[in-house]
Protein chains: 2
Amino acid sequence: MKATCEQLARIIDQARGLEPADLVIRNTRIFCLTSGETITGDIAVCGDRIVGVGETYSGKNEIDGSNWTAVPGFIDAHVHVESSMITPYEFERCVLPHGVTTAFCDPHELANVAGAAALDYFLECSRRMIMDLRVRISSCVPSTHLETAGGALSAATVRHYATDPAAPGLAEFMNVPGVLNKAPDVLEKLSVCSENIDGHAPLLGGRDLNAYLAAGVRNCHECSLLSEAMEKLRKGMQILIREGSVARNLDTLLPLINVQNAPFLCFCTDDRNPLDIVHSGHLDRMIARAIAAGADPLAVYRIACYSPALHFGLSDRGLLAPGCRADIVLLSDLEQCRVAQVIKDGRIVDDALFAARPPAPSVAPFLHSIKREKVSAEAFRVRSTRPETPVIGIRELSLTTDFLKCTLPCDGGEKRAIPKQDILKVAVLERHGQNGHIGLGFVRGFGLHSGAIASSIGHDSHNLCVVGVSDEDMAVAVNALIDAQGGLAVARNGKTMDVMPLPVGGLLSEKSFPEVAQELERIHQSARLTGCPLETPFLQLAFLPLPVIPFLRITDQGVVDVEKFTLIEV
Amino acid sequence: MKATCEQLARIIDQARGLEPADLVIRNTRIFCLTSGETITGDIAVCGDRIVGVGETYSGKNEIDGSNWTAVPGFIDAHVHVESSMITPYEFERCVLPHGVTTAFCDPHELANVAGAAALDYFLECSRRMIMDLRVRISSCVPSTHLETAGGALSAATVRHYATDPAAPGLAEFMNVPGVLNKAPDVLEKLSVCSENIDGHAPLLGGRDLNAYLAAGVRNCHECSLLSEAMEKLRKGMQILIREGSVARNLDTLLPLINVQNAPFLCFCTDDRNPLDIVHSGHLDRMIARAIAAGADPLAVYRIACYSPALHFGLSDRGLLAPGCRADIVLLSDLEQCRVAQVIKDGRIVDDALFAARPPAPSVAPFLHSIKREKVSAEAFRVRSTRPETPVIGIRELSLTTDFLKCTLPCDGGEKRAIPKQDILKVAVLERHGQNGHIGLGFVRGFGLHSGAIASSIGHDSHNLCVVGVSDEDMAVAVNALIDAQGGLAVARNGKTMDVMPLPVGGLLSEKSFPEVAQELERIHQSARLTGCPLETPFLQLAFLPLPVIPFLRITDQGVVDVEKFTLIEV
């Protein structure tokens, strides 16, 4: 933390009690993450810095802390803000009250739509925000060559951003084969950002894991097995225990959580949708669940606060100690992590603080991002005379899909779905104005009886995804998204039943978080009227195009066999 | 760790076992500092980087590790190289074989003689050395205004060096009163180096400690009480457990050493003289003693390797893990920390490696540093008619002195010592060519029966210090130092009995470490012939002028009452 001589003089005088501190939390319990003790005393703050802990202080502004326990602000070690469907400005309104004062974000969803402009937007947001949103440089945009993205971040672009002190590191390096096979642009990105590279290496082990680590990758948020996490821990990889909306690893990795392992663990949310935040909270709920499951509170709070600070080289936070940034969470219950009040940089987080922020950076560059002509039902016809068909099998609450093989009717050169067997048509339509490609395929597991649902969120290239019982309703749903310039849509009987607009890059709403949560709840209800029984139908639709997750996916270029990493005929 | 694309390609191939690794330690026990397990397997190294741990590898160069246990290189968190009386080049020959691969040094002894040139010299040495000698910017040169130093490091100079990535932080900020009283140059130094400031705060506590920490100081190596260390630990201060030649805190602080506290602890040697290194080793002996005293080996090795790496933001070391710097210590005994072989940056540390170093930077700027005329016995006469006299009382193996009050004979306006009561004359003679001051006083505890001993090491300004039974022998000893241009001297019966030359700044020898140790042993024998019973008479003499340590000291300006921080009449 930088301070001028004048600021240091105030800091010293307030710390010594020679003048009243700017803010004092009086007579509070302080959970000391170094000693593990809970002591009772005052916390004094000067400007954005803690200047006293334990001793008695008087303050210009005083808060009675006698009903609370103070802990340091929480750090989300890896998050995609876009998964919450709100702008970064709205994101902090949503997560700061949960005690999240620092987050490391990867803006790769918006970057896949808009390229480097997305990085600029996030960096500008972070400069104007209250919470400390640390923007990492998205490393794999586009994620593969089997899809058409709107933006790309080349090694040269990475080099440009790596010199920005606000974005010194690479976000999750998903292209593991690229590392192992020494792809030139991969090596260049790794070389530019050495020592500061986040990982993404599900199930990687043995010598390949050694190579990935030796290349400079430092952490992983994709551990889904305890044995996997143990190998990575032994090899010095920081384990970011993830609890997203779909991928949830806390229960599996709970046995790791103890004081001995704490320095090598962090918490992260990765992808968490708005309803999940409403119903299940954020890092606060992870903390509470870990403690409820029997983990040592000292280990848990170190993992939530101190370990990520050290891992990412932020020596100014993670403890309640003189000299640390005044990021303080006041809890009405330590073990249940009930957040009563949050203080960020010495400022009390409340509506007035949010209202006093500088204006949000303009989202104008990301509006009108659905760049394609409307379609007719004709566009969804599958021309084929071969009944044997690869079908994508989806499973509730899993990103992994099954590679099914079904026999479908081919009448007059046109292959048809069998809705009664829950085999539906699925399509991905390029929407970045590049080539207008439409990938067509078949999927089992959505369970629609009628109509269609569509989304302009479609990981990671975010083309338009649609699944439906009739070609006509698929066209209606897609055209509704084009009209809305992005969002989620439900069509039935040739009509648009519901649209939730997401006009910012086709990914984010401009509305407030409560409104977004409400709209999402409503469109989930609308989707259920099609007969779809899934809890999160749009999330499962949005992950269908991601060709880095096994086993069968669909992009705007067609159906992808992930293991062979090639397009296959439908 | 930076790597080019070409280097990354080699690293990846060697890590995957596609080509032989540059170096493989075969079939060794690996003490894993993350999991706490000891596993058996290979360690593969490519260039200066570990690329594989645990799996089987083949190498271009292979070492049989089956009799050894591998741990990461040790980190000395705070050391004054000058205390070992050898140049940095010779220092690494001495400590690297003890497993010390990284050290944070404060060149403030040489800086007090030569100013910024000392920093330049240390930085240039560090660029050419094998071990990683991290040079911190000396923060308090001169240490007080009550003495005359040869060099000074102003806030402007600190600002200049703070931009050098090789010296980004401030060394021990000894001027605690300056911080608490907001001295302008102190605030400027703190402001320039914020977030990266080492501490020195013996017995500081309460709100004053809060102020010192809030001003940006991060660690302390001066804890001599367990309660003191506990308060500092609670307040987030990193505790550097020190075991120097004189100040030794390991036994006192042993109860702190456990896995829970390990992240907040480091080891350091501060000031260790050559004989001590010969007889008691270095960090290896601290490790062994801590374990022998019952400390958990996992905690001890984390403190020796991993915690300092994290504390100082070196994410490339402290673990034996792929991607880490190949700083490896091979032990024939883990608990006794018996070092069998050291590997630094992937290179086996042996005579050939030292011989292949680039030439040592020239010490010419630091020769001829004793800039004063020779003296006669007359110079040591104390003119006074007041028998009441403040006398410095020294204690064996303690830096603290007692403030004694004695009655001394004053005949004809000259005050005399009483050698039979072990009250001797002591003098400090300015030697930087600035003012020729001579401070005179009396001391009890040296126990000389005849002659005099003198030293050009005299903390921190390094003027000439001499204690003796006769004024004539004091003059002889001082003049011997002027002839030798620095060193240690013993005089008796009007003759120079022995001189150990320290021509580099009057502090360091140009000889090899074994020769220096032998010379020091010899001059200790010579000093014993004066009747002095002290184990380390020159060390105790050298610390007499340090006016920041209680209670009574002497500088070239006279006798200093440390508590009142003023000169007093003798």
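First things first, this report covers the structure right here in the doc. None of the values given here were measured: they were computed from a predicted structure.

Basis of the calculations
- Residues numbered from 1 in each chain as written.
- Chains lettered and ligands numbered in written order.
- Predicted model: local features only at pLDDT ≥ 70, side-chain atom pairs only at ≥ 80, totals over all residues.
- Heavy atoms only, no water.
- Helix = DSSP H or I, 4+ residues; strand = E, 2+ residues; numbered from the N terminus.
- Contact = heavy atoms within 4.5 Å.
- Areas by Shrake-Rupley, 256 points an atom, 1.4 Å probe, with all protein chains shown as cover.
- Lys, Arg positive; Asp, Glu negative; His and termini not counted.
- Charge placed at Lys NZ, Arg CZ, Asp CG, Glu CD.
- Buried < 20%, exposed > 50% of the residue type's maximum accessible area, 1.4 Å probe, protein only.
- Polar contact = N/O pair within 3.5 Å; in protein donor to acceptor, adjacent residues only side chain to side chain.
- Axes fitted to C-alpha atoms, helices over the stretch in contact; angles between N-to-C directions.
- Parallel < 35°, antiparallel > 145°, perpendicular 65-115°, else oblique.
- Left-handed = near helix turned anticlockwise from the far one by under 90°.
- Nonpolar A, V, L, I, M, F, W, Y, C, P; charged D, E, K, R; others polar.
- Pairing = 2+ DSSP bridges.
- Least-squares fit on C-alpha atoms with pLDDT ≥ 70 in both.
- Salt bridge = Lys/Arg side-chain N within 4 Å of Asp/Glu carboxyl O.
- Buried area = accessible area lost by both parts, 1.4 Å probe.
- Core = buried A, V, L, I, M, F, W, Y, C linked by side-chain atoms within 4.5 Å.
- Phe/Tyr/Trp six-rings, centres within 6.5 Å; stacked < 30°, edge-to-face > 60°.
- Lys NZ or Arg CZ within 6 Å of the ring centre and 35° of its normal.

Observations concerning the overall build of chain A
Then, in step 1: Scanning chain A from terminus to terminus reveals 17 helices and 30 strands.
Then, in step 2: Along the three orthogonal principal directions, the C-alpha set of chain A runs to about 90 × 50 × 45 Å.
Then, in step 3: Partitioning the contacts of chain A with sequence separation of at least 6, the portion at a separation of at least 24 is 68%.
Then, in step 4: With the model as given, the accessible surface of chain A reaches about 18,400 Å², and the carbon-plus-sulfur share is 50%.
Then, in step 5: Chain A carries 53 positive and 68 negative side-chain charges, and their two centres are separated by 3 Å.

A closer look at the environment of Glu62(A)
Residues and elements named next belong to chain A.
Then, in step 1: Positionally, Glu 62 belongs in strand β4 (residues 59-64).
Then, in step 2: Judged by its relative accessible area of 36%, Glu 62 falls in the partly exposed class.
Then, in step 3: C-alpha of Glu 62 to C-alpha of Ile 137: the two residues are 75 residues apart in sequence and 40 Å apart in space.
Then, in step 4: Non-local contacts of Glu 62, meaning those with residues more than four positions away in its chain, are made with Val 24, Arg 26 and Tyr 57.
Then, in step 5: Reaching out from Glu 62, the side chain makes a polar contact with the side chain of Arg 26 at a distance of 3.1 Å.
Then, in step 6: At a separation of 2.8 Å, a polar atom in the side chain of Glu 62 contacts the main-chain amide nitrogen of Gly 59.

Overview of helix α1 (residues 5-15) of chain A
Then, in step 1: Where α1(A) is concerned, the buried positions are Leu8(A), Ala9(A), Ile11(A), Ile12(A), Asp13(A), Gln14(A) and Ala15(A).
Then, in step 2: Taken from the residues just after α1(A), Gly17(A) is the one with a positive phi, measuring 80°.

A look at the packing of helix α12 (residues 283-292) of chain B against helix α13 (residues 297-311) of chain B
Residues and elements named next belong to chain B.
Then, in step 1: One way to put it is that α12 packs onto α13 with a least axis distance of 9 Å and a crossing angle of 155°. Taken as axis vectors, α12 and α13 run roughly antiparallel relative to one another. Here α12 runs over α13; the crossing is right-handed. Along its contact with α12, which presents Ile 287, Ala 290 and Ile 291, the element α13 presents Pro 297, Val 300, Tyr 301 and Ala 304.
Then, in step 2: Residue composition of the contact of α12 with α13, grouped by class: seven nonpolar, no polar and no charged.

A look at the sheet that holds strand β28 (residues 552-555) of chain B
Residue and element names in this part refer to chain B.
Then, in step 1: Taken together, the three strands give an open sheet; going across it, the order is β28-β29-β30, and neighbouring strands pair in antiparallel fashion. In this open sheet, the two strands that pair with only one neighbour each are β28 and β30 (566-568). Strand-to-strand twist across the sheet, computed as the mean angle between neighbouring axes with direction ignored, equals 45°.
Then, in step 2: Inspection of the sheet shows strand β29 (residues 558-561) paired to β30 by three bridges, in the antiparallel sense. Residue Val 560 lies in a different strand from β30, and its bridge partner there is Leu 567.

Some remarks on the relation of the copies chain B and chain A
A rotation about an axis combined with a shift along that same axis relates the two copies of the chain.
Then, in step 1: When chain B is fitted onto chain A, the two copies agree to an RMSD of 0.2 Å after a turn of 180° and an axial shift of 0.0 Å. Interpreted geometrically, this transformation is the action of a two-fold axis. Taking C-alpha positions as reference, the residue of chain B nearest the rotation axis is Gly313(B), located at 3.0 Å.

Thoughts on the side chain of Asp561(B)
Residues and elements named next belong to chain B.
Then, in step 1: By the secondary structure assignment, Asp 561 is in strand β29.
Then, in step 2: Here Asp 561 occupies a buried position and makes no salt bridge, while the nearest side chain of opposite charge, Lys 564, is found at 4.2 Å.
Then, in step 3: A distance of 3.1 Å separates a polar side-chain atom of Asp 561 from the backbone nitrogen of Glu 563.
Then, in step 4: In this structure Asp 561 touches Phe 403, Phe 551, Leu 552, Thr 566 and Ile 568, once residues within four positions along its chain are discounted.

Section: the interface of chain B and chain A
Then, in step 1: Across the boundary between the two partners, chain B contributes 68 residues, which contact 68 residues of chain A.
Then, in step 2: Around 5,500 Å² of area is buried between chain B and chain A when both sides are counted, 56% of it from carbon and sulfur atoms.
Then, in step 3: When the buried area of chain B at its contact with chain A is split by residue, Arg16(B), Arg207(B) and Arg234(B) rank highest and sum to 12% of it.
Then, in step 4: Joining chain B to chain A, the criterion identifies eight salt bridges.
Then, in step 5: For Asp13(B), the salt bridge goes to Lys182(A), with nearest N and O atoms at 2.7 Å.
Then, in step 6: Viewed at the interface, chain A and chain B are joined by 29 residue pairs in polar contact (both at pLDDT 80 or more).

Here's the deal with the pattern of salt bridges
All names here are of chain A.
Then, in step 1: Tallied over the entire structure, the rule returns 78 salt bridges over all chains.
Then, in step 2: Arg 159 is the salt-bridge partner of Glu 188, the closest N and O atoms lying 3.4 Å from each other. Residue Glu 188 is found in helix α7 (residues 184-192), and its partner Arg 159 is found in helix α5 (residues 155-162); the two are separated by 29 residues along the sequence.
Then, in step 3: Relative accessible area serves as the criterion here: at 27%, Glu 188 is assigned to the partly exposed category.
Then, in step 4: Where Lys 235 meets Glu 231, a salt bridge forms, and the shortest distance between an N and an O atom there is 2.7 Å.
Then, in step 5: For Lys 235, a relative accessible area of 5% puts it in the buried group.
Then, in step 6: Through salt bridges with shared partners, a single ionic network connects Asp 132, Arg 134, Asp 316, Arg 317, Arg 325, Asp 327, Lys 344 and Asp 345.

Focus on the sheet that holds strand β29 (residues 558-561) of chain A
Residue and element names in this part refer to chain A.
Then, in step 1: As summarised here, the arrangement of the three strands in space is β28-β29-β30, forming an open sheet in which the pairing is antiparallel. Both outer strands of the open sheet, β28 (552-555) and β30 (566-568), are each paired with one neighbouring strand and no more. The mean angle between the axes of side-by-side strands here comes to 45°, regardless of whether they run parallel or antiparallel.

Some remarks on the nonpolar core
Then, in step 1: Ranked by internal contacts, the top residues of the largest apolar core, which has 391 residues, are Ile257(A) and Ile257(B).
Then, in step 2: In contact with Ile257(A), other than residues within four places in its own chain, are Ile241(A), Leu250(A), Leu265(A), Phe267(A), Ala290(A), Ala295(A), Ala299(A), Val300(A) and Ile303(A).

Some thoughts on the environment of Val562(B)
All names here are of chain B.
Then, in step 1: Within the secondary structure, Val 562 sits in the loop between β29 and β30.
Then, in step 2: Note on Val 562: relative accessible area 12%, which makes it buried.
Then, in step 3: For the pair Val 562 and Val 176, spaced 386 residues apart in the sequence, the C-alpha separation amounts to 13 Å.

Notes on the packing of aromatic side chains
Then, in step 1: What the rule picks out here adds up to 12 aromatic pairs over all chains.
Then, in step 2: The interplanar angle of 20° and the centroid separation of 3.8 Å between the aromatic rings of Phe104(A) and Phe312(A) together place this pair among those described as stacked. Placement of Phe104(A) in strand β7 (residues 100-105) and of Phe312(A) in the loop between α13 (297-311) and β14 (328-333) is noted, with a sequence separation of 208 residues between them.
Then, in step 3: The exposure class assigned to Phe104(A) is buried, which follows from its relative accessible area of 3%.
Then, in step 4: Phe312(A) sits in the buried class, given a relative accessible area of 13%.
Then, in step 5: Judged by centre distance (5.9 Å) and plane angle (90°), the ring pair of Tyr121(A) and Phe122(A) falls under edge-to-face.
Then, in step 6: According to the relative accessible area criterion, Tyr121(A) is buried, its value standing at 6%.
Then, in step 7: Since its relative accessible area comes to 0%, Phe122(A) is described here as buried.
Then, in step 8: Cluster of aromatic residues (ring-pair linked, three or more members): Phe31(A), Phe74(A) and Tyr301(A).
Then, in step 9: It is Lys405(B) that lies over the ring of Phe403(B); its NZ or CZ is 5.3 Å from the centre.

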